[in-house]
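Take a look at the letters that make up each chain.
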Amino acid sequence: MKAGTPDLATLGHRIRHFRGERGLTLDQLGELVDLAGSQLSLIENGKREPKLSTLDALSAALGVELAELLSREAPSRRAALELELGRAQASPLYASLGLPPIRAGRGISDETLESIVGLHRELQRRASEAIATPEEARRANTEMRERMRERANFLPDIERLAEEQVRASGHRSGALTHREVSVMAERLGFKLIYVDDLPDSTRSITDLENGRIYLPPASIPGGHGLRSMALQAMAHRLLGHTPPASYDEFLWQRLEINYFAAACLMPQEASVAFLQEAKKDRRLAIEDFRDAFGVTHEAAALRFTNLATSHLDMTLHFLRVAGDGALLKGYENDGLPLPTDVTGSIEGQWVCKKWSARTAFEHTNRTTENYQYTDTPAGTFWCATQTGRTDAAEFSITVGVPFNQAKWFRGRETTLRATSSCPDENCCRRAPDGLAERWSGRAWPSARLHAHVLSPLPSGTFPGVDDVEVYAFLEAHAEQ
């Protein structure tokens, strides 16, 4: 159990319940278990996890079995309501309202508590109903992000597979070359062929019958993109993937092939050695890591998240944010309060305007990383942000760490500092009263629809692509 979780809160209520039944004060029970009343109060309020020896002592002093004390059930209807209220007020949905929490003290009657909890249930229901269309995709993506967070974003089996394949290609150091990627494909029985008529819905097509992997033509010789796409296509075969039957499987396969490609382009052994040396010299920088292996800034930043916790003993966060402030991709295991909806999904949520992921767009010099410290409700974080642009829009890539880990990075000397109170909407999502009053009812902006948030996983033999176009393409090229 962790402090602040529902299980710990339930335990606290059960201890308080049995103490009340025995007619004991905090100090009296504390004396029986050799614990100060103030310390026992923290346990009863769910703010401190008791040691096993303390639990044994409490069980004996209260005259209940340890299993009964540790039951997950609330000890009373009143306690169940108090626990539900605590969980509701700890949710991102309630935090976004900027309202103070209510303490369910003795002065609040059971009827009043029932009404407050009922309002929270309805608020949650309406918020959930509002995002029902993309529910399956958002749920699957959120579960996958949590699964990777538990693993420190590190997949050792794929790391070993990538290292084996890279070594077998003859690669020894530096950036992985197109030639070496071709050798890897040949060892699997495939030839890389570059064509300019791939169906719009595909990144690559693998012809299993004729041993060919079709890729788009190279726009920049030696570019990172084609190497990555070829490696992703190979990963499907090496990992034994079959057509996904659900969004969960579809997203997990995408994660695995992307992970494999990154682990090939930035092999674990060489990458860890490079990063550990930079950490020792206190000059860690994503842009240096990027340049050392000839990849994009985003690829280097994501790869850093794979290795930082497992090999550099640090927690961190990663953000890809659109120019309009929407979070496109994110990961954290350092406590940064990422914006979420009621399902826990982060994609499409607005990032605080005071975070460096957004303030970097205001800088005129975008050729190098921008550095910033940001004070948040969860603590102070240091971040390095690089901006970029696609044909469609601009974006930013951010890697950040808690304040006490900034000492390992270049750019830690920055004096730029901001304060964010998000998810409280008063921070940057609510207009000043005078401005809101001036324009409320006098303007009507037309919102841009992001079609992807409404799209379910397309049906077909190959989910996500146009089967008819794929078959026509293969038929046309099979004769060549």
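One can find the structure itself at the top, above this paragraph.
Residues numbered from 1 in each chain as written. Predicted model: local features only at pLDDT ≥ 70, side-chain atom pairs only at ≥ 80, totals over all residues. Heavy atoms only, no water.

## Quick look at the sheet that holds strand 3 (residues 212-215)
- Strand order in this open sheet of three strands is 1-3-2, and the pairing throughout is mixed. This sheet does not close on itself; its edge strands, each paired only once, are strand 1 (191-194) and strand 2 (205-207). Strand-to-strand twist across the sheet, computed as the mean angle between neighbouring axes with direction ignored, equals 25°.
- Pairing analysis gives three bridges linking strand 2 to strand 3, with the strands arranged antiparallel. Within strand 3, the position partnered with Asp207 by the bridge is Arg212. (Pairing = 2+ DSSP bridges. Helix = DSSP H or I, 4+ residues; strand = E, 2+ residues; numbered from the N terminus. Axes fitted to C-alpha atoms, helices over the stretch in contact; angles between N-to-C directions.)

## A look at unusual backbone geometry
- Between Cys422 and Pro423 the backbone carries a cis peptide bond, its omega angle lying at 15°.
- Along the chain, Pro423 falls in the loop between strand 9 (417-419) and helix 18 (433-439).
- The residue Asp313 is not glycine, and still its phi comes out positive at about 60°.
- Within the secondary structure layout, Asp313 lies in the loop between helix 16 (297-312) and strand 4 (317-322).

## Observations regarding the pairing of strand 3
- By the alternation rule, side chains of strand 3 split into Arg212 and Tyr214 and Ile213 and Leu215, which are all buried.
- With antiparallel pairing between neighbouring strands as the criterion, strand 2 and strand 3 make up a hairpin whose turn holds four residues, including Gly211 at a positive phi of roughly 65°. (Buried < 20%, exposed > 50% of the residue type's maximum accessible area, 1.4 Å probe, protein only.)

## Some remarks on the pairing of strand 6 (residues 370-376)
- With six of seven residues buried, strand 6 lies mostly within the body of the structure.
- Of the strand pairs in this sheet, strand 6 and strand 7 (residues 379-389) are connected by seven bridges, and their pairing is antiparallel. Bridging across to strand 7, Gln372 finds its partner in Cys383.
- Connecting strand 6 to the next strand, strand 7, in antiparallel fashion are two residues.
- Where strand 6 and strand 9 come together, three bridges link them in parallel fashion. When the sheet's bridge partners are listed, Tyr373 is paired in strand 9 with Arg417.

## Digging into helix 6 (residues 77-89)
- The end-to-end C-alpha separation of helix 6 is 19 Å, in line with the 18 Å expected for 13 residues at 1.5 Å each.
- Among the residues of helix 6, Arg78, Ala79, Leu81, Glu82, Leu83, Leu85, Ala88 and Gln89 are the ones counted as buried. (Expected span 1.5 Å × (residues − 1).)

## Digging into the pattern of salt bridges
- On inspection of all chains with the given rule, the structure shows 26 salt bridges.
- In this structure, Arg14 and Glu68 form a salt bridge, with 3.1 Å as the shortest nitrogen-oxygen distance. Here Arg14 is found in helix 1 (residues 6-22), whereas its partner Glu68 is found in helix 5 (residues 66-69), with 54 residues between them in sequence.
- Using a relative accessible area of 5% as the deciding quantity, one classes Arg14 as buried.
- With a relative accessible area of 38%, Glu68 lands in the partly exposed category.
- In this structure, Arg22 engages Glu21 in a salt bridge whose closest nitrogen and oxygen atoms are separated by 3.2 Å.
- Since its relative accessible area comes to 35%, Arg22 is described here as partly exposed. (Salt bridge = Lys/Arg side-chain N within 4 Å of Asp/Glu carboxyl O.)

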